[in-house]
Every structure is written in C-alpha cells, then in structure tokens.
Amino acid sequence: MDEQEAIRQLKHGDIGGLEFLVNLHQGKAVRTAYLITRDPALAEDVVQEAFLQAYRSIRHFDPTRPFGPWFMRSVVHAAVKAARGNSPDPQGETLEELFADEASVEELVETAEFQERLRAALGNLPPRQRAVIVQRYFLDMGEAEMAAGLETAPGTIKWLLHEARRRLHSLLSERNSR
Amino acid sequence: MRDESIRKSLEALARRGIPEEPNLWPRLAARLERKGSPAMQTKWKLAWIVLLVLLGLFAVTGVAYAVYQYFNDVGLQSASNAGLISTVNVTAQPTRMPTATPPEPVTVIGNSQTLEGVSLTLEWVYLMDGQQAFGFSVAGLEGGKAIGMPVMGFGRLVPEQYRGAGLAVKDNTQPVTGTYVVNQIVRDENTFGKTDTRTDVSIDIPLLEENGQVLNTFRFEVKNELVHDGPFAGGNVYSTRANGQEMSLDWILLSSKTVQARLCFTPPDGKDWTIAPPSIQLVADITQLGSAPQVVSSQSTTPTTENGVRCQIMTFPVGASGAQAFTLNASELSTPAGEVIKGEWDFNWNQLPSQMQFPGIAPLETPLGSDDIGADVTVTLEKSYADINRMVFVVFIKSTQTDFSVSSATLKDTTGAELNTGMGISSPPDDPSRFIIEFYPETEFPAGQFKGQLIVEIGKQLGPSSGLAEAHFAVDLPVYPAVVFAPMQTVTANGVEMLLQMIKVTPSFTQAYLCYQKPSPADWMIGSQAKLKIGEDTAIQSMSTLIFDSPRLSGIGIMPEPGWSPPVKTGRCMKAGFPVGYQGQPEELVLTIGGLEQSMPEVVPDDQVQAARKKLLAQGIDMDWVTSSGNGGGGAGPVINKKPDGMSDEQVMQLFYEELGYYYPGPWIFTVEIKP
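Residues numbered from 1 in each chain as written. Chains lettered and ligands numbered in written order. Predicted model: local features only at pLDDT ≥ 70, side-chain atom pairs only at ≥ 80, totals over all residues.

Caption draft 1: Fine view of the overall build of chain A. What chain A contains, in helices and strands, is 10 helices and 0 strands. A total of 178 residues make up chain A; the buried ones form 46% of that total. In chain A, the share of contacts with a sequence separation of at least 24, taken over all contacts with a separation of at least 6, comes to 69%. (Helix = DSSP H or I, 4+ residues; strand = E, 2+ residues; numbered from the N terminus. Buried ≥ 20, exposed ≤ 12 C-beta atoms within 10 Å, placed from the backbone. Contact = placed C-beta atoms within 7 Å.)

Caption draft 2: Just the environment of Leu333 of chain B, in detail. Residue and element names in this part refer to chain B. With respect to the helices and strands, the residue Leu333 is situated in strand β21 (residues 325-334). Distance from Leu333 to Pro277, taken between C-alpha atoms, is 9.4 Å for residues 56 residues apart in sequence. In contact with Leu333, not counting residues within four places along its chain, are Gln245, Trp273, Ile275 and Ile341.

Caption draft 3: Structural detail: the nonpolar core. Residues and elements named next belong to chain B. The biggest cluster of nonpolar side chains holds 70 residues, and the ones touching the most others in it are Phe134, Leu254, Val259 and Leu263. With 8 residues, the top contributor of residues to this core is strand β4 (residues 118-128). If sequence neighbours within four positions are ignored, Leu254 has contacts with Gly166, Ala168, Val259, Ala320, Ala323, Leu352 and Ser354. Residues Phe435, Val505, Trp524 and Leu589 belong to the second largest nonpolar core, which totals 68 residues. (Core = buried A, V, L, I, M, F, W, Y, C linked by C-beta atoms within 7 Å.)

Caption draft 4: Main features of unusual backbone geometry. Residue and element names in this part refer to chain B. For the peptide bond that leads from Gln174 to Pro175, omega is -5 degrees, which places it in the cis range. Looking at the secondary structure, you find Pro175 in the loop between β8 (165-170) and β9 (176-183). Across the junction of Gly666 and Pro667, the peptide omega takes the value 0 degrees, indicating a cis bond. Relative to the helices and strands, Pro667 resides in strand β42 (residues 663-674). Even without glycine at this site, Asn89 takes up a positive phi of about 55 degrees.

Caption draft 5: A look at the packing of helix α2 (residues 15-37) of chain A against helix α3 (residues 40-57) of chain A. Residue and element names in this part refer to chain A. Viewed as axis vectors pointing N to C, α2 and α3 meet at an angle of 135 degrees, and their least axial separation amounts to 8 Å. With respect to α3, the element α2 is oriented oblique. Viewed along their axes, α2 and α3 form a crossing whose handedness is right-handed. Residue-level contacts link Leu18, Val22, Gln26, Ala29, Val30, Ala33, Tyr34 and Thr37 of α2 to Pro40, Leu42, Ala43, Glu44, Val46, Val47, Ala50, Phe51 and Tyr55 of α3. (Axes fitted to C-alpha atoms, helices over the stretch in contact; angles between N-to-C directions. Parallel < 35°, antiparallel > 145°, perpendicular 65-115°, else oblique. Left-handed = near helix turned anticlockwise from the far one by under 90°.)

Caption draft 6: Broad picture of the confidence of the model for chain B. Residues and elements named next belong to chain B. On average, residues of chain B carry a pLDDT of 82, and 84% of them reach 70 or more. This stretch, residues 34-69, has a pLDDT under 50; its non-local contacts, to residues over four places away or in other chains, come to 47 contacts. Across residues 367-371, where pLDDT falls below 50, the model places 14 contacts with residues more than four positions away in sequence or in other chains. Scored as a whole, the predicted complex attains pTM 0.54, and scored at its interfaces, ipTM 0.78. (pLDDT = per-residue confidence, 0-100.)

Right, here's the structure in full:
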C-alpha cells in the first residue's frame, strides 16, 4: 500500500488506510508536538487527537496532494493550543542565559547539556513563536504553509519568525563577540 | 545562530525527548471502534445525498472533482472539494497595451571636473516635485578615496518636508557610477499648479580621504531646470517613534563594499545619549527580509549635536551590490552613566537609488527580467467560480521569464460595461505563476448565469512597468445562490445586547447580519477578529459593512442593503462577511464576536500610549507602539517585548486597545443549527 491508496481507503471508511498513515507519520508528528508542548505524554495525546481529526475531516482532503504537510499543520495547531494550557517550565532558562559560554554552537549542538538548555529556552518562548521555529526548522515548512497551520496571516508568520530568529541570531553574535 | 544549527539542535532535542518510535495505533483503533466507521455515519450519508442533489440542481457542466488546493480560505477550499469550481483551461496570448506618452527624459549634463587626480562627471539631473536626483561617473578614485554624501541646492526655492536621502555607488566596476536621490518637496508656492516651475540647481559632491575626512568638493551648477510633477515615490521610512523617542534615518550611502547610515534623534534631556550599534539586513528579494542575515554596525562616528539634534554616522561592513531593499534596526540609546532607552526603531527601504528608473536612464542595477513582454508569454484561465458574494478566477502565466504577474483585472458584462466590484489578487502558496483573482460585488451578483468578459492585465513583479499587456477571456459560469437562515438570536455580554438577525450562506462565503446598541456614542464596529465556524471549517471575518445606524453618527457612511430593512429602531446593524461556506448538510454554526472596536486614529497621542503601557506593565506585559513616517506615508504597529505565558499577541493587542479605549470586550457567541 502507498499513501494515496491509504487515503483512498480511508475516504471509503476503511480504517486500514488510517493505520497505514499513523505508522507512516506518527514519529515525526509526536516529535513535532513534543518540541512545542515539551511534554512527551501530552505530545502523544495531541497527535492521537490530530489523527482522529484527520479521520473525521478526510472528506475535505484533496487526494492529489501529499498527506504529510496537511496533517502536520493540524498537529502544530493542536500542539500550540495544548501548550497554551500547559504550565510554564519552572526550570526554564532565558534565551539570554542559553548562549552565555564560549564553545562554538557547532560543537554545542551535539552535547546533551546544550540540548537540555535549548529545551528549557524553547520552553520560555511563547507557544506560537516556539511553533514557528519548529515548523520552519524541524518541518521545513514555508511561510504560507505555516500561516495555514496556525490559522494566521502570512505577514504575522513572517513577523513571528523574524522576531524569534532575530533573537537567536543576535544572541549568538553577542556570545561570539565575548 | 545559523539555520542549520537550529535544525540540528531541534532534531537532537526531539530524538532525546521521544527516543522510541511511538505506537499510537492500538489506542486509536480502540477509540475508533467506539466511534464507528465514517462511511456508516448517518450525518455523512445525509451530507453526500444533499450535495449530490445540490449539484444536480446547479446543473454544473465541466465540473472537476480533483482540483488543486489553490485557495487560502476555507470557503473556496470546501467549494473546490465539493466540485463547484469549474475547470476552464482556456489559453490566450496577451496583447500589448497602448503605450502611454513617454515622460520627458532626464536632463543630460555631461560636465566634468578634476580634483586631486579624480575626475567626476555629472551625467544627468532630474527634478520632481517630491524627489530630486542626479547621476554621475568617476574616474581615478584610488588610494582609499571615496565619494561622500552630496548636497543639492535649489536657488531661491527652499526644500520642505525632508524625508531622507540615498546615494548608491557602484564602485566594483570602472568607471565608478553613482545615483543620488533626495526625498523632499521643491515647489514654488506662488506658481504651483499654474505654470511650470523652473529653478537653478547647485550640487556639491564631497571627495573623501580614506579616513573619511573631506579632501575637496566638486561643485556643479545647472541653470533653469524644470521641476516635473511627481509625488514622493516608494515606501521608504524616514523617521520612527518607539518608547516615546523619535529617531530618523537622515541618509544612507550604499556602495559595493560598505554601507553608511546617518541616524539622528533629539535627546530627551541634556545628557550624552548615543545610539548603540544598529544592524542592517540587505536583500535582493524583498520577500526575504525576514530571513536575511543581520550585519551589526562595526563603526560609529562620535555624535555631533546641531540645533538640539544629535547624529551619528554608522558604518556596516557589508556591500550592497544587488540589494533591492533593506531594514535598518536600532534598538537602544544609552548614556555613559548607564541609563538606557530601549526601542525598536526600524527603517525599511524598498526603493533603493540603485534600482530606481529615471526617464531615459537605466538603473545602476537592473531588476530581474527585461522590461518588455516577450512573445512567449501565454495566460491560461484555468478555473472559475461564482456565487452571489464573489467571483473567483485562477489564471496561470507561462513564460520563459519568471517575473510576470497579474497587475490588475476587470470584469465586463456582455454590453462591455465594467462591473462595479472590488478586486483582490493573490498567489497560492509556493506557486508564484498562478494567480487567484477575486471580485467582490458592491451588493450582490445576481444568482443564475453570468456571461461576460474577464480582462487580465499582465505586468512585471519588479520595477514600475506594470500593465504591459492584456489577455481577454469570455466568461460563462453559474452564479450560485445563497441559503438564508433567520435565527433572530439575542446574546447579551458586558451589558450590550446583540441580535443575530440573518445569515446568508453560499458554498464559499457567509454573511451575518448583526444589530446592537453601542456602549457609547462613539463609532463602535464589530471587532475585526470575529470568527465563524461552520461544521469543521473556521474563518476570521474578512469584510464588514455598516448597513444601519440610528442615531446616525456624523461622518459615517452607510452602504444601502437592497431588500433588507432593519429589525431595530435604534442602534447599529452591520453585515459581517466570512470566507467559509456551506454545502447544504446539517451543521452547527458558531459565530463569535470577541468585542467591539473603534478604529484607531492615525496618530495616538503619546501620553495615551504611555498611560496604556503603564497599565499593561502592571499585568506583566511590556509592549511598545511604534510609529514611522517616510516618503510613502506613515504607519504604526506594536512591538511586544514581554507577556505572560500562554497569552497570545492578539490578546495583548486587545488589552492594549481596551486600555486606550478602542476595544469593548464581549464576547457574544451565537450557536445555530443549520439544516438544508
């Protein structure tokens, strides 16, 4: 079976099609939701609900288009909503604290310590800014696609992404100049 | 932080958080068994039966069921999914539009001077009412010598409303060439509008040493030069106000090697305030401004103060070759004592001197594509759709050149009369060659069949040459009617009663007729974030029209609504439009009016902004309201520095508007079961 056949089956009410889609997309989807919610269990719940939503609205889906981007938009949207309801991480560092040492980022990204600090720092971003970072860099989405996922205007996405990225770039510049 | 580093970090972080492959299927399958198969659900069966009946009634010919998801709004998407978008696929060769009388060309000068071994030729001069420019070439510019910012004088005419100047120097080729443009009004008020204005022009161009000191100055005089009619052009920001402090970009010098900018401000007190190093983003494609690298200023002159205005010249270690736009951002003023004023002073320019076209003179750096329309260009009308609320056409431009676009479009009836409509043009995501053209009627298109002509005007995406050619298409398409519901539902929130009188729904668009008593005599309208959910589709309000107002607020226009009479004697009625449709199945409709809004004045007094900011700070929100002005007009917008976790930007803005008195919170939520 391939993805198109799975969608065709699902449109005809055969949940075997959904099982195929779940197995194909659940890994990326749960990790995406995790980056936004910061909670593995909540991420699984979000993706489970997103699959149920896809099952309910598959009639609106154009089968000539790939399923992944359409589905990931709903995962991001649901994860942002879930993250807003989640309490903030009390251990979270600010982004300013994140890049306060001397090692290069290229070396840092491989270390568990850095990843933990990035996790905490992401936690301190508002959910929508966190979501645009995840959409852009983890899911490689374009701005129009991101706008559809977050039900917002492309201009707002541009601004959100610009704000989030500007902070990261500027923080790195500060760190490198020390 | 480099993009690749962010990507790698997120990958690693996600793998660490979710190390094992999840297995969601067993739990999902259990939940699905409890819910049953979608194919078996009565609601779905009903929906498809209704849809098939509707399709039969509409007698649509040439309907395509598998269509691309071109559309950004859910109404058109669902109309598309329901097969209501007709496939046309008619291709036309565009015909060239009549060429307008070419403007009078620049005055060619060609005078040369040699100073310190450097020869400078003033090539041309062009004066407009709102912008003045000249071009030059230089030979012998060696040993670190450079051209500085020129000064133009206009004899007895005193320029007014200065809006910044730019100098582009192309110094990576020989001879070095340059274009200088200054935005200001040069006008003889005694003769303006009656006779041509002519003036003498003086041009001083400094020759700089390597250390930036003026070595000598070239001076040219041009006699009796005509000042052409012409407004400020482009959208360049000259000054911007943030955190109560104004700053201006006095001039910018863009060369192939570096960029210099002169920033000025009036200090809030007599202290030694300086601008912290600003940053600049230069892009070859204006749509990339958000993602271009930021280059921080590497050098600044000592501030100079003249007439209370303090200025610094900043140097950025980046060349501007090929740039079409930039954003310069300053974010801090400080004193040696450690006092700081934070702000977001952004200066956006999308009309650089290097790209500007003056009559008869090619720009220093030509935008992509040629100015002419090639014989290889074809325009295909791919799809069409109409209901009483809008007509939509999808066109595709095929060309070996990449930058053609739809610059305008008109609809005509069979008599050749142009329809009175609003019009919007957009492109689908990731598909810049396809264009969605939407027409909105002043009231409603008549339901039934529309026959007429669509005229698509083709222009260039870059540069001023829009409207080069036209493609004509005969149009014959069904106009779907609306289904009308009359809930007459009343909801009271925050002391204001609101009536949902009527809902008019087409397959792609919904209009809600709402009446309410205003909370004060001011101009209270339905809030722009009003939201409509039909079934699983949600849309934000895309239009609203005032259709009744009593007592009538002075200066407020009312659009007549044929065949409708207000259900109230006093108060206000509005028609709110949402790009979400209804295909005839039983659905729940939820209309949420979050609040009422008054339009903000162009300039909000700074003391009101500061008072609102103070109140928001007490709620954990640090935001600023930034205003800017330039040669393309002014603008204003928020900068949100800090807000409580979980609060959206929209919520922050609502609180801000509320503190300013421009927002009256509800919400008014209407739930209506709609059935065919």
